Amino acid sequence: MPRDRSANGRAEICACTIIARNYLPAARVLATSFMAHNPGGRFFVLVLDDPMGEIDPAHEPFEVLALADLDIERSDLDEMAAAYSVMEFATAVKPWLLAALLRRGFGSVLYIDPDIQVFHSLEDLAAGAKEHGIVLTPHVTAPMPRDGKMTSETSILASGIYNLGFVGVGQGALGFLDFWMERLRRECYVDPGNMRFVDQRWVDFVPGIFDCFITRDPGYNVAYWNLDHRELTVNAGSYQVDGRPLKFFHFSGYSPDQPHLLSKHQSKNPRILLSERPAVRQICDEYGDLLAANGFGVDDQAPYGLGVMANGVPLDLTVRLLYRRWLDEADEGEGPYPTNPFDPEGANDLVARLNRPPGVPGDPGQLSVYQATLFGLRADLRALIHDPQGADRARFFDWLQHEAARGGVHPLLAQPPLPAETAGTRAQGAHTG
């Protein structure tokens, strides 16, 4: 039987989030606020990049999970971590985390983004997930103004109708989680031009395929994208939205380093100005103080532990795009799978593959596949250098050396390509400590 009662007989609400180590301050605020309003509940934090277990659960307001706690092959996780940015990876593993917690016997599980603060019991959401299988919150619950300000209907269409900073699932959602896993394993990218925005666009299919409940309670998932039609006020020391209790506020894009700005995502021509919304300004200031009290400025400085290969070469955007391409080609039987960059030998082999020319090996005019891809991605570079394989070749490699000196490109990827049979030798010189 699913376990959904605590020892005192109260509904045992299970909630979770996913972070890299630099989001520890936010996770602490979230977990503390959740437990304050949901006593007897359980809160789990999946930490993506703490393989040595440096985060001590005894000193945190949450229970710690690692990638090893998910029911997914380590090789699949390594491929996803190599192909995805930190945001993409954190959203990609969400269905595996939810499934892992459901398998522990909870009647329902609530996923909550780490940049959220809870202000009320979430028992209604937990009960809804248990009854309906899936609970979603739309980005907006009223028509958006067409005033040219941020955020716009176009932005919502690009990112998805439902905000997956929250999702509730029950035991009846396992089919949905399988559907989600299959797509997020390879297609959890930020690529609006190809109608992809991490995990969110896939959930646009959910109401047409699966049983679900869509809550339009204005107190849930209040954020910059819906404050144009939700009035946040303070009444007797408590926050309300349209006269009803605030359940949770989503501080997406907010930073104490820019306390005048509600969200970096609406920095150009913002619709919601803190100077015009005193209650919103107050809640942001209070949240900033809580982040500072929970380690912001110190614990948020940890570098992403899955952003560098085992040999010290960064998994930058160019590397990730090529890695994705090679995964897709291998899935279609059109080439070998890329090697594991988190394994020392695999990292050196991957650098060797990045350093090979895309055409005939040994052609002195060619760039490496990494360099050719980088050049194609950089419109600013193409405006300065028109013929990197011909008349501008020397200028291009001067630029690469300058980028390597300032840390923009790793030195192992900045040299003219070697013939295929010797490219691996260069990679052996990579730092492996």
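Provided above is the structure to which this section pertains.
Now for a quick tour of the structure. (Residues numbered from 1 in each chain as written. Predicted model: local features only at pLDDT ≥ 70, side-chain atom pairs only at ≥ 80, totals over all residues. Heavy atoms only, no water.)

## Overview of the layout of surface pockets
Condition: Using a grid of 1 Å spacing that covers the protein atoms alone, one calls a set of points a cavity when a 1.4 Å probe fits there but cannot get out, and a pocket when the set is open and has protein on both sides within 12 Å along at least five of seven lines; lining residues are those with an atom within 4 Å of a point. Grid points are joined across faces, edges and corners, and a volume is the space filled by probe spheres set on the points. Strands are runs of DSSP state E lasting at least two residues, helices are runs of H or I lasting at least four, and both sets are numbered from the N terminus onward. Charged residues are taken to be Asp, Glu, Lys and Arg, nonpolar residues to be Ala, Val, Leu, Ile, Met, Phe, Trp, Tyr, Cys and Pro, and polar residues to be all remaining types, Gly included.
Reported here for the largest pocket is a volume of approximately 1,300 Å³. Those elements that provide at least two residues to the lining of the largest pocket are β1 (14-19), α1 (24-37), α3 (86-92), α6 (153-159) and α10 (278-293). Of the residues that constitute the lining of the largest pocket, the class distribution is 27 nonpolar, 15 polar and seven charged. The volume enclosed by the second largest pocket comes to roughly 230 Å³. Taken together, R21, V47, L48, D49, D50, P51, A66, L67, A68, R74, G305 and L306 form the lining of the second largest pocket. In terms of residue class, the lining of the second largest pocket is built from seven nonpolar, one polar and four charged.

## A look at the pairing of β1
Quick note on the threshold: Relative accessible area decides the class of each residue, using a 1.4 Å probe on protein chains only: under 20% of the type maximum gives buried, over 50% gives exposed, and in between gives partly exposed. For two strands to pair, DSSP has to find at least two bridges joining them. Call a crossover right-handed when, viewed with both strands pointing away from you, the route from the first strand across the helix to the second goes clockwise.
The buried count for β1 comes to six of six residues, which makes it a mostly enclosed element. Of the two faces of β1, both are covered, the one formed by C14, C16 and I18 as well as the one formed by A15, T17 and I19. Where β1 and strand β2 (residues 42-47) come together, six bridges link them in parallel fashion. Note that in β2 the partner of A15 across the bridge is F43. With respect to chirality, the unit in which β1 leads through α1 into the neighbouring parallel β2 is right-handed. Bridging between β1 and strand β4 (residues 108-112) involves three bridges; their strand directions are parallel. Bridge pairing links A15 to L110 in β4.

## Details of helix α11 (residues 317-331)
Rules: Given a helix with a known number of residues, its expected span is that number minus one, times 1.5 Å. A contact between two residues is defined here by any heavy atoms of the two lying within 4.5 Å. Counted as a polar contact is a pair of N or O atoms within 3.5 Å, where, for protein atoms, one must be capable of donating a hydrogen and the other of accepting one, and residues adjacent in sequence contribute only when both atoms are in side chains.
Here α11 is 15 residues long and its end C-alpha atoms lie 21 Å apart, about the 21 Å a rise of 1.5 Å per residue gives. On its buried side, α11 packs onto α2 (74-83), α3, α12 (344-355) and α13 (369-377). You can read the cap of α11 off the contacts: a side-chain oxygen lies 3.1 Å from the backbone nitrogen of T318, and it is on D316. Once α11 finishes, G333 follows within two positions and takes phi at roughly 75°, a positive value.

## Describing unusual backbone geometry
Geometrically, the link from M150 to T151 is a cis peptide bond, its omega value of 5° lying close to zero. Tracing the chain through its elements places T151 in the loop between β6 (134-136) and α6. Even without a glycine there, the phi angle at N269 is positive, about 55°. Along the chain, N269 falls in the loop between β14 (248-250) and α10. Taking the relative accessible area as the measure of exposure, N269 reaches 45% and is therefore partly exposed.

## Concerning the packing of aromatic side chains
Definition in use: Only rings of Phe, Tyr and Trp enter the pairing, Trp through its six-membered ring, and a pair is recorded when the two centres are within 6.5 Å. The plane angle decides the type: under 30 degrees is stacked, over 60 is edge-to-face, the rest tilted. Counted as over-ring charges are cases with an Arg CZ or a Lys NZ within 6 Å of the ring centre that also lie within 35 degrees of the ring normal.
This structure, assessed with the given rule, holds 18 aromatic pairs. Here F44 and F106 contribute two aromatic rings whose centre-to-centre distance is 6.1 Å and whose plane-to-plane angle is 70°, an arrangement assigned as edge-to-face. Taken together, the positions of F44 in strand β2 and F106 in the loop between α4 (94-103) and β4 put the pair 62 residues apart, joining distant regions of the chain. Through a chain of ring-to-ring contacts, three or more aromatic side chains come together here, namely F176, F179, W180 and F210. Over the aromatic face of W326 sits the side chain of R353, whose NZ or CZ is 4.1 Å from the ring centroid.

## So, a nonpolar patch on the surface
What counts, and what does not: Residues form patches when they are more than 30% accessible in relative terms and have no salt bridge. Like charges link within 9 Å. Nonpolar side chains (Val, Leu, Ile, Met, Phe, Trp, Tyr) link within 5 Å. Note on areas: Shrake-Rupley, 1.4 Å probe, and residue coverage restricted to the protein chains presented here. In the sections that follow, a salt bridge refers to a side-chain nitrogen of Lys or Arg positioned within 4 Å of a carboxyl oxygen of Asp or Glu.
Taken together, the side chains of V86, M87 and V190 make up a nonpolar region of the molecular surface, amounting to roughly 220 Å² of accessible area. Inspection of the secondary structure assignment puts M87 in helix α3. Classification of M87 by relative accessible area gives partly exposed; the value is 42%.

## Some details on the pairing of strand β12 (residues 238-241)
Of the two faces of β12, the one lined by Y239 and V241 is fully buried and the one lined by S238 and Q240 carries no buried residue. Here strand β11 (residues 232-235) runs beside β12; their pairing, made up of four bridges, is antiparallel. Its bridge partner lying in β12, V234 is registered against Y239. From the end of β11 to the start of β12, which pair antiparallel, there are two residues, and A236 there has a positive phi angle of about 55°.

## Some remarks on helix α5 (residues 123-132)
Count 3.6 residues to each turn of an α-helix, and residues three or four apart come out pointing the same way. So the rule is basically this: To be clear, the arc concerns the directions from the helix axis to the C-beta atoms.
Along α5, the residues classified as buried are L125, A126, G128 and A129. Down the axis of α5, the buried side of the element spans an arc of 160°, and every buried residue falls inside it. Exposed positions of α5 whose direction lies more than 90 degrees from the buried face are D124 and E131. Residues of α5 that are buried make contact with β4, β6, β7 (166-170) and β14. One or two positions beyond α5, positive phi appears at G133, with a value near 95°.

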